[in-house]
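Report on the structure
Letter by letter, the chains look like this.
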Amino acid sequence: ASAAAAEMVKAIRVHELGGPEVLKWEDVEIGEPKEGEIRVKNKAIGVNFIDVYYRKGVYKAELPFTPGREAVGVVTAVGPGLTDRKVGDIVAYAGNPMGSYAEEQILPASVAVPVPPAVDYKIAASVLLKGMTAYVLLHQCFKVEAGHTVLVHAAAGGVGSLLCQWAKALGATIIGTVSSEEKASQAADDGCHHVIIYTKEDFVAKVNEITSGKGVNVVYDSVGRDTFQGSLACLMSRGYMVSFGQSSGGPDPVPLSDLAPKSLFLTRPSLMHYTATRDELLQAAGEVFANIASGVLRVRINHTYPLSDAARVHADLEARKTSGSIVLIPDS
Ligand code: NDP
């Protein structure tokens, strides 16, 4: 049988787990979208720390795989059974499935959201996953209100930058931690009332001093191992520990008895559980885009690279050399 020659696109592929060097720039075959699917030519691809976890095997995926969980692109083909999508639509997606480090990919239409004309496609690609995370953390995992004091670790990071800006707009007092002077000035610019350089200063002692011994209402901790115990120590009585990442490694197990002295709450949220239905996804994405359009959120795209340079980007992200958002642009 003489099937038509398979169509190939370029993508970053992972055949074995490891350091940034396992990210290979290769040709992959792309088919046609099946029932309920769309084919999307990516214009900009968002890089997230979760991409590092999958590459290293902290989170498991079947090998080989194409990493990446966020992109904006143009629909190039629509699978059977879809009436509300058309070729030429600009769509964004963030979350499942994996595979956005590619010139073109096939997605379930149910995960793609429209990008409002007021939002630039590169901005959308750099903010959807991080912005929906910030939305869920500030409005659903714990509801931040005016008068609250909030501690945000990695405050100059992709999610951190958005958390600070959004929490400030909600009227909270924000304490941010960062690793360098340069990141400190960005965090202050994003609304942190107090910035602690946690690589030089004891952040627990500083938070204690800033809050006059009272502690904070909530900690948003994405750093994990290096900060977790200190974060618990920073909370006020009945405070909320929101542990949503482990950039420094997974935190040690926490005995329930550690929560008892202050009647603390502890949650370990995943964005996908808060955007599981189409309505929840559209609500979260809508809030992110609306807050960008209105100027509440300013997205810092501090790093833009060709898609083929993904390995360099991963190396920088893991070495704490990046701040704000990172975007990959397909070469062709
Ligand atoms: P960031 O831009 O925040 O990058 C990670 C930052 O973490 C670094 O810049 C660094 O900031 C800090 N960090 C502290 N210790 C380390 C370390 N040992 N190695 C590397 N970085 C370290 O990444 P993202 O915005 O993409 O993601 C932020 C976090 O949020 C991640 O942990 C991610 O997994 C999590 N996340 C969780 C989601 C969920 O659903 N639960 C959804 C989205 C993100 P500094 O130099 O200032 O210390």
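Our subject is the structure listed above.
An account of the accompanying structure is given in this report.

Our next topic: the packing of aromatic side chains. A full pass over the atoms with the stated rule returns six aromatic pairs. Residues Phe49 and Tyr53 carry aromatic rings whose centres are separated by 5.3 Å and whose planes lie at 65° to one another, so their mutual orientation is edge-to-face. Note that Phe49 and Tyr53 are positioned in helix H1 (residues 49–56) at a spacing of four residues, about one turn of the helix. Judged by its relative accessible area of 23%, Phe49 falls in the partly exposed class. Put simply, the rings of Phe49, Tyr53, Tyr54 and Tyr59 pair up and form one aromatic cluster. A cation over a ring is seen here: Lys43 above Tyr121, with NZ or CZ 4.3 Å from the ring centre.

Axis separation between helix H2 (residues 121–141) and helix H3 (residues 158–169) bottoms out at 9 Å; the angle between their running directions is 45°. In terms of their interaxial angle, H2 and H3 are classed as oblique. Seen along the crossing, H2 lies across H3 with a hand that is right-handed. In this structure, H2 uses Val127, Lys130, Gly131, Thr133, Ala134, Tyr135, Leu137, Leu138 and His139 to contact H3, whose residues at the interface are Gly158, Val159, Leu162, Leu163, Trp166 and Ala167.

Looking at helix H4 (residues 181–189), one finds that the buried residues are Lys183, Ala184, Gln186 and Ala187. What you see down the axis of H4 is that its buried residues fit within an arc of 165°, all on one side. Opposite the packed face of H4, turned more than 90 degrees from it, sit the exposed residues Glu181 and Glu182. The inward-facing, buried residues of H4 contact H3, strand S9 (173–178), strand S10 (194–197) and strand S14 (301–306). Looking one or two residues past H4, Gly191 carries a phi angle of roughly 115°, positive in sign.

Volume-wise, the second largest pocket comes out at about 260 Å³. Listed by contribution, the elements that provide at least two residues to the lining of the second largest pocket are strand S1 (7–14), strand S2 (23–30) and strand S6 (104–108). Along the lines of polarity and charge, the residues of the lining of the second largest pocket split into nine nonpolar, four polar and three charged.

So, about helix H5 (residues 203–210). An α-helix turns once every 3.6 residues. As a result, residues three or four positions apart point the same way. One side-chain oxygen at the N-terminal end of H5 lies 3.0 Å from the backbone nitrogen of Val204; it belongs to Asp202. Ser212 sits one or two positions beyond H5 and adopts a positive phi of about 50°.

With respect to spatial proximity, 28 residues lie near the ligand, and among them Ser179, Lys183, Tyr198, Leu271 and Arg320 are the closest. In the environment of the ligand, an oxygen atom lies 2.9 Å from a nitrogen or oxygen atom belonging to the side chain of Tyr53. The separation between an oxygen atom of the ligand and a polar side-chain atom of Tyr198 is 2.5 Å. Coverage of the ligand by the protein chains reaches 92% of its 920 Å² of free accessible surface. If you list the elements that add at least two residues to the shell around the ligand, you get H1, H2, H3 and helix H9 (310–318). Residues of the shell around the ligand, tallied by class, amount to 12 nonpolar, 12 polar and four charged. For the shell around the ligand, the two domains that each supply at least three residues are domain 1 (7–127 + 300–329) and domain 2 (145–268).

Topologically, Lys43 is positioned in strand S3 (residues 37–47). Not counting the four nearest positions on each side in its chain, Lys43 is found in contact with Val72, Gly73, Val74, Ile90, Tyr121, Ile329 and Pro330.

What follows covers the packing of H1 against H9. As a packed pair, H1 and H9 sit with axes 10 Å apart at the nearest point and diverge in direction by 105°. In this view, H1 runs roughly perpendicular relative to H9, as classed from their interaxial angle. Together, Phe49, Asp51, Val52, Arg55 and Lys56 of H1 and His314, Leu317 and Glu318 of H9 make up the contact between the two elements. Residue composition of the contact of H1 with H9, grouped by class: three nonpolar, one polar and four charged.

Attention shifts here to empty space enclosed by the protein. Inspection of the entire model under this criterion finds one cavity of 30 Å³ or more. For the largest cavity, the calculated volume is near 30 Å³. What lines the largest cavity is simply Gly157, Gly158, Ser161, Leu162, Val299, Arg300, Gly324 and Ser325. For the lining of the largest cavity, the leading source of residues is H3, giving three residues. Class assignment for the residues of the lining of the largest cavity results in two nonpolar, five polar and one charged. Here the lining of the largest cavity spans two domains, and each of domain 1 (7–127 + 300–329) and domain 2 (145–268) adds at least three residues to it.

Cis geometry is found at the peptide bond from Leu63 to Pro64, where omega equals -15°. Tracing the backbone through its elements, the reader meets Pro64 in the loop between H1 and strand S4 (70–78). Each neighbour pair has its own omega, and for Asn96 with Pro97 the value is -5°, a cis peptide bond. Examined against the element boundaries, Pro97 turns out to sit in the loop between strand S5 (90–94) and S6. The phi dihedral of Arg238 falls on the positive side, at around 65°, and the residue is not glycine.

What counts, and at which threshold
Residues numbered from 1 in each chain as written. Predicted model: local features only at pLDDT ≥ 70, side-chain atom pairs only at ≥ 80, totals over all residues. Heavy atoms only, no water. Phe/Tyr/Trp six-rings, centres within 6.5 Å; stacked < 30°, edge-to-face > 60°. Helix = DSSP H or I, 4+ residues; strand = E, 2+ residues; numbered from the N terminus. Buried < 20%, exposed > 50% of the residue type's maximum accessible area, 1.4 Å probe, protein only. Lys NZ or Arg CZ within 6 Å of the ring centre and 35° of its normal. Axes fitted to C-alpha atoms, helices over the stretch in contact; angles between N-to-C directions. Parallel < 35°, antiparallel > 145°, perpendicular 65-115°, else oblique. Left-handed = near helix turned anticlockwise from the far one by under 90°. Contact = heavy atoms within 4.5 Å. Arc of directions from axis to C-beta. 1 Å grid on protein atoms, 1.4 Å probe; cavity = no way out; pocket = protein on both sides within 12 Å on 5 of 7 lines; lining within 4 Å. Points joined across faces, edges and corners; volume = space filled by probe spheres on them. Nonpolar A, V, L, I, M, F, W, Y, C, P; charged D, E, K, R; others polar. Polar contact = N/O pair within 3.5 Å; in protein donor to acceptor, adjacent residues only side chain to side chain. Near = heavy atom within 4 Å. Areas by Shrake-Rupley, 256 points an atom, 1.4 Å probe, with all protein chains shown as cover. Domains from an automatic or database assignment.

Without other data, these values stay purely geometric and don't point to any function.
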